[in-house]
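# Overview (structure and organization)
Residue-level listing of the chains:
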Amino acid sequence: MKLIVFIQSALLVIVTLLIIYIYRAQKPDTYEQSKLNSKPQKNNNVINRRNSFRIKLYNIKCYVKFLHLDDDKLLFLQNKSIDGYIEDISATGLKFISSYNIPLKPNNKIWIEFTLNDKPFVFIASIIRKEESVLSKEIIYGLQFKELMIKEQDELTSELFKNEAQRRASEL
(Lines give C-alpha, C1' and ligand atoms only; values in the text may rest on other atoms or scores of the structure.)
Protein backbone atom coordinates (compact mmCIF):
# COMPACT_ATOMS: atom_id res chain seq x y z
CA MET A 1 0.00 0.00 0.00
CA LYS A 2 2.85 2.38 0.87
CA LEU A 3 4.41 1.63 -2.50
CA ILE A 4 1.22 2.65 -4.35
CA VAL A 5 1.00 5.97 -2.42
CA PHE A 6 4.69 6.61 -3.15
CA ILE A 7 4.25 5.93 -6.87
CA GLN A 8 1.15 8.14 -7.03
CA SER A 9 2.98 10.97 -5.25
CA ALA A 10 5.97 10.63 -7.56
CA LEU A 11 3.72 10.68 -10.63
CA LEU A 12 1.91 13.76 -9.32
CA VAL A 13 5.22 15.59 -8.85
CA ILE A 14 6.44 14.54 -12.32
CA VAL A 15 3.17 15.62 -13.98
CA THR A 16 3.26 18.98 -12.14
CA LEU A 17 6.86 19.61 -13.23
CA LEU A 18 6.00 18.61 -16.80
CA ILE A 19 3.06 21.06 -16.87
CA ILE A 20 5.28 23.86 -15.56
CA TYR A 21 7.94 23.05 -18.17
CA ILE A 22 5.40 23.04 -21.02
CA TYR A 23 3.83 26.30 -19.81
CA ARG A 24 7.20 28.06 -19.69
CA ALA A 25 8.20 26.69 -23.09
CA GLN A 26 5.04 28.12 -24.67
CA LYS A 27 5.21 31.47 -22.89
CA PRO A 28 7.08 34.05 -25.01
CA ASP A 29 10.33 35.02 -23.38
CA THR A 30 11.35 37.78 -25.73
CA TYR A 31 12.49 41.34 -25.48
CA GLU A 32 8.96 42.51 -26.30
CA GLN A 33 7.52 40.47 -23.42
CA SER A 34 10.09 41.87 -21.01
CA LYS A 35 9.15 45.39 -22.13
CA LEU A 36 5.50 44.66 -21.37
CA ASN A 37 6.37 43.42 -17.89
CA SER A 38 8.71 46.28 -17.04
CA LYS A 39 7.66 49.17 -14.85
CA PRO A 40 7.29 52.64 -16.39
CA GLN A 41 10.60 54.48 -16.40
CA LYS A 42 11.16 58.04 -15.27
CA ASN A 43 13.09 60.16 -17.76
CA ASN A 44 13.48 63.93 -17.34
CA ASN A 45 10.59 63.98 -14.82
CA VAL A 46 8.25 62.28 -17.31
CA ILE A 47 6.83 58.79 -16.81
CA ASN A 48 7.61 56.76 -19.92
CA ARG A 49 4.96 54.09 -20.42
CA ARG A 50 6.36 52.88 -23.75
CA ASN A 51 10.09 52.45 -22.99
CA SER A 52 10.99 54.83 -25.82
CA PHE A 53 13.35 57.77 -25.65
CA ARG A 54 11.00 60.54 -24.48
CA ILE A 55 11.76 64.21 -24.04
CA LYS A 56 9.86 67.14 -22.60
CA LEU A 57 9.06 69.92 -25.03
CA TYR A 58 7.98 73.46 -24.30
CA ASN A 59 5.12 75.02 -26.26
CA ILE A 60 5.60 73.16 -29.54
CA LYS A 61 2.43 74.07 -31.44
CA CYS A 62 0.62 71.28 -33.27
CA TYR A 63 -2.52 70.76 -35.28
CA VAL A 64 -4.84 67.78 -35.09
CA LYS A 65 -7.32 66.79 -37.78
CA PHE A 66 -9.95 64.10 -37.19
CA LEU A 67 -9.74 61.43 -39.89
CA HIS A 68 -12.03 58.75 -38.49
CA LEU A 69 -14.31 58.99 -35.49
CA ASP A 70 -15.83 55.86 -34.00
CA ASP A 71 -19.05 57.56 -32.92
CA ASP A 72 -21.90 58.71 -35.19
CA LYS A 73 -22.58 61.65 -32.86
CA LEU A 74 -19.10 63.00 -33.64
CA LEU A 75 -19.19 62.78 -37.44
CA PHE A 76 -19.51 66.57 -37.60
CA LEU A 77 -15.88 66.72 -36.38
CA GLN A 78 -14.54 64.56 -39.22
CA ASN A 79 -11.95 66.50 -41.27
CA LYS A 80 -12.09 69.39 -38.77
CA SER A 81 -8.89 70.67 -37.18
CA ILE A 82 -8.00 71.83 -33.70
CA ASP A 83 -4.78 73.18 -32.28
CA GLY A 84 -2.83 72.56 -29.13
CA TYR A 85 0.73 71.96 -28.06
CA ILE A 86 3.03 69.05 -27.37
CA GLU A 87 4.23 68.55 -23.81
CA ASP A 88 6.45 65.52 -24.38
CA ILE A 89 7.24 63.20 -27.27
CA SER A 90 8.90 59.90 -28.16
CA ALA A 91 9.37 57.93 -31.37
CA THR A 92 6.11 56.08 -30.71
CA GLY A 93 3.79 58.82 -29.48
CA LEU A 94 3.33 62.11 -27.71
CA LYS A 95 1.43 63.99 -25.03
CA PHE A 96 -0.89 66.54 -26.62
CA ILE A 97 -2.58 69.34 -24.64
CA SER A 98 -5.61 71.22 -25.87
CA SER A 99 -8.63 73.09 -24.57
CA TYR A 100 -10.88 70.89 -26.73
CA ASN A 101 -12.61 67.92 -25.13
CA ILE A 102 -12.22 64.99 -27.53
CA PRO A 103 -13.98 61.73 -26.62
CA LEU A 104 -11.73 58.75 -26.01
CA LYS A 105 -12.82 56.02 -28.45
CA PRO A 106 -10.72 52.97 -29.41
CA ASN A 107 -10.85 53.33 -33.21
CA ASN A 108 -10.53 57.10 -33.58
CA LYS A 109 -7.84 58.09 -36.06
CA ILE A 110 -6.33 61.53 -36.11
CA TRP A 111 -3.76 63.33 -38.22
CA ILE A 112 -1.20 65.37 -36.29
CA GLU A 113 1.17 67.95 -37.71
CA PHE A 114 4.01 69.75 -35.91
CA THR A 115 7.46 71.17 -36.50
CA LEU A 116 10.52 70.13 -34.51
CA ASN A 117 13.89 71.83 -35.10
CA ASP A 118 12.46 73.47 -38.25
CA LYS A 119 11.57 70.03 -39.65
CA PRO A 120 7.87 69.36 -40.32
CA PHE A 121 6.30 66.06 -39.21
CA VAL A 122 2.91 64.59 -40.04
CA PHE A 123 1.67 61.35 -38.44
CA ILE A 124 -1.48 59.28 -38.13
CA ALA A 125 -2.25 58.57 -34.47
CA SER A 126 -4.91 57.36 -32.10
CA ILE A 127 -5.84 58.75 -28.70
CA ILE A 128 -5.01 56.14 -26.07
CA ARG A 129 -5.23 58.20 -22.89
CA LYS A 130 -7.11 61.26 -21.67
CA GLU A 131 -6.60 63.28 -18.48
CA GLU A 132 -8.59 66.33 -17.49
CA SER A 133 -6.61 68.93 -15.59
CA VAL A 134 -8.06 70.03 -12.27
CA LEU A 135 -6.17 73.32 -12.23
CA SER A 136 -6.88 74.49 -15.77
CA LYS A 137 -9.39 73.89 -18.51
CA GLU A 138 -6.81 72.04 -20.59
CA ILE A 139 -7.14 68.39 -21.43
CA ILE A 140 -4.11 66.13 -21.79
CA TYR A 141 -4.14 63.36 -24.39
CA GLY A 142 -1.75 60.46 -24.89
CA LEU A 143 -1.36 59.82 -28.62
CA GLN A 144 0.15 56.70 -30.14
CA PHE A 145 1.50 56.91 -33.67
CA LYS A 146 -0.02 54.46 -36.15
CA GLU A 147 1.07 53.35 -39.62
CA LEU A 148 4.55 54.69 -38.88
CA MET A 149 7.28 53.85 -41.37
CA ILE A 150 10.74 53.01 -40.01
CA LYS A 151 12.25 55.94 -41.93
CA GLU A 152 9.77 58.36 -40.33
CA GLN A 153 10.47 56.96 -36.88
CA ASP A 154 14.24 57.24 -37.45
CA GLU A 155 13.89 60.87 -38.60
CA LEU A 156 11.82 61.73 -35.54
CA THR A 157 14.25 59.95 -33.21
CA SER A 158 17.15 61.85 -34.78
CA GLU A 159 15.40 65.18 -34.20
CA LEU A 160 14.56 64.17 -30.63
CA PHE A 161 18.23 63.43 -29.94
CA LYS A 162 19.22 66.79 -31.49
CA ASN A 163 16.64 68.60 -29.39
CA GLU A 164 17.80 66.89 -26.20
CA ALA A 165 21.46 67.63 -27.02
CA GLN A 166 20.60 71.32 -27.53
CA ARG A 167 18.71 71.40 -24.24
CA ARG A 168 21.60 69.84 -22.33
CA ALA A 169 24.14 72.15 -23.97
CA SER A 170 22.09 75.19 -22.98
CA GLU A 171 22.03 73.99 -19.34
CA LEU A 172 25.84 74.01 -19.14
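All values derive from a computational prediction rather than experimental measurement.

Thresholds applied
- Residues numbered from 1 in each chain as written.
- Predicted model: local features only at pLDDT ≥ 70, side-chain atom pairs only at ≥ 80, totals over all residues.
- Heavy atoms only, no water.
- Helix = DSSP H or I, 4+ residues; strand = E, 2+ residues; numbered from the N terminus.
- Buried < 20%, exposed > 50% of the residue type's maximum accessible area, 1.4 Å probe, protein only.
- Contact = heavy atoms within 4.5 Å.
- Phe/Tyr/Trp six-rings, centres within 6.5 Å; stacked < 30°, edge-to-face > 60°.
- Core = buried A, V, L, I, M, F, W, Y, C linked by side-chain atoms within 4.5 Å.
- Patch = residues over 30% accessible without salt bridge, like charges linked within 9 Å, V, L, I, M, F, W, Y side chains within 5 Å.
- Areas by Shrake-Rupley, 256 points an atom, 1.4 Å probe, with all protein chains shown as cover.
- Salt bridge = Lys/Arg side-chain N within 4 Å of Asp/Glu carboxyl O.
- pLDDT = per-residue confidence, 0-100.
- Expected span 1.5 Å × (residues − 1).
- Arc of directions from axis to C-beta.
- Pairing = 2+ DSSP bridges.

When helices and strands are counted, the chain shows three helices and eight strands. Listing every helix and strand of the chain by position from the N terminus yields α-α-β-β-β-β-β-β-β-β-α. Counting only residues that meet the buried cut, the chain has 29% of its 172 residues in that class. Long-range contacts, defined as pairs at least 24 residues apart, comprise 58% of the intrachain contacts of the chain with a sequence gap of at least 6.

Summed over all chains, the structure comprises five aromatic pairs. When the ring of Phe 114 is compared with that of Phe 123, the centres are 6.1 Å apart and the planes differ by 45 degrees; the resulting orientation is tilted. Comparing Phe 114 with Phe 123 shows no difference in burial state: the two are buried. Through a chain of ring-to-ring contacts, three or more aromatic side chains come together here, namely Phe 114, Phe 121, Phe 123 and Phe 145.

As a further point, take the nonpolar core. In this structure, Ile 89, Leu 94, Phe 96, Ile 112, Phe 114, Leu 143 and Leu 156 are the most contacted members of the largest nonpolar core, which totals 28 residues. For this core, the secondary structure elements donating two or more residues are strand 3 (55-68), strand 4 (81-89), strand 5 (93-98), strand 6 (109-116), strand 7 (119-132), strand 8 (139-146) and helix 3 (150-171).

Below, the discussion takes up unusual backbone geometry. The residue Asp 118 is not glycine, and still its phi comes out positive at about 65 degrees. Note on placement: Asp 118 falls in the loop between strand 6 and strand 7. Its identity is not glycine, yet Glu 147 carries a phi of approximately 55 degrees, on the positive side. Along the chain, Glu 147 falls in the loop between strand 8 and helix 3.

Position of Asp 88 relative to the elements: it lies in strand 4. Judged by its relative accessible area of 1%, Asp 88 is buried.

With that settled, consider a nonpolar patch on the surface. Together, Leu 3, Phe 6 and Ile 7 make up a nonpolar patch on the protein surface, roughly 340 Å² of accessible area in all. Relative to the assigned elements, Leu 3 resides in helix 1 (residues 2-26). Its relative accessible area of 58% is what places Leu 3 among the exposed residues.

Before going further, it helps to examine the confidence of the model for the chain. Per-residue pLDDT for the chain averages 78, and the proportion of residues at 70 or more is 77%. Highest mean pLDDT in the chain belongs to strand 6 (93); lowest belongs to helix 2 (residues 31-37) (39). Segment residues 27-49 is flagged for pLDDT under 50; beyond a separation of four residues in sequence, or across chains, it makes 22 contacts in the model.

Moving on, we come to helix 3. Spanning 22 residues, helix 3 covers 32 Å between terminal C-alpha atoms, matching the ideal 32 Å at 1.5 Å per step. For helix 3, the complete set of buried residues consists of Leu 156, Glu 159, Leu 160, Asn 163, Glu 164 and Arg 167. Buried residues along helix 3 cover an arc of 140 degrees about the axis, so they all sit on one side. Those residues of helix 3 that are exposed and aimed more than 90 degrees away from the buried face are Ile 150 and Lys 151. Here the buried face of helix 3 lies against strand 3, strand 4, strand 6, strand 7 and strand 8.

Turning to the pairing of strand 4, a few remarks are in order. Here strand 3 pairs with strand 4 via eight bridges, running antiparallel. Looking at strand 4, one finds that Lys 65 is bridged to Ser 81. Judged from the four bridges that link them, strand 4 and strand 5 form a sheet pairing that is antiparallel. Within the sheet, the bridge partner assigned to Ile 89 lies in strand 5 and is Leu 94. The antiparallel pairing of strand 4 with strand 5 creates a hairpin that spans three residues between the two strands.

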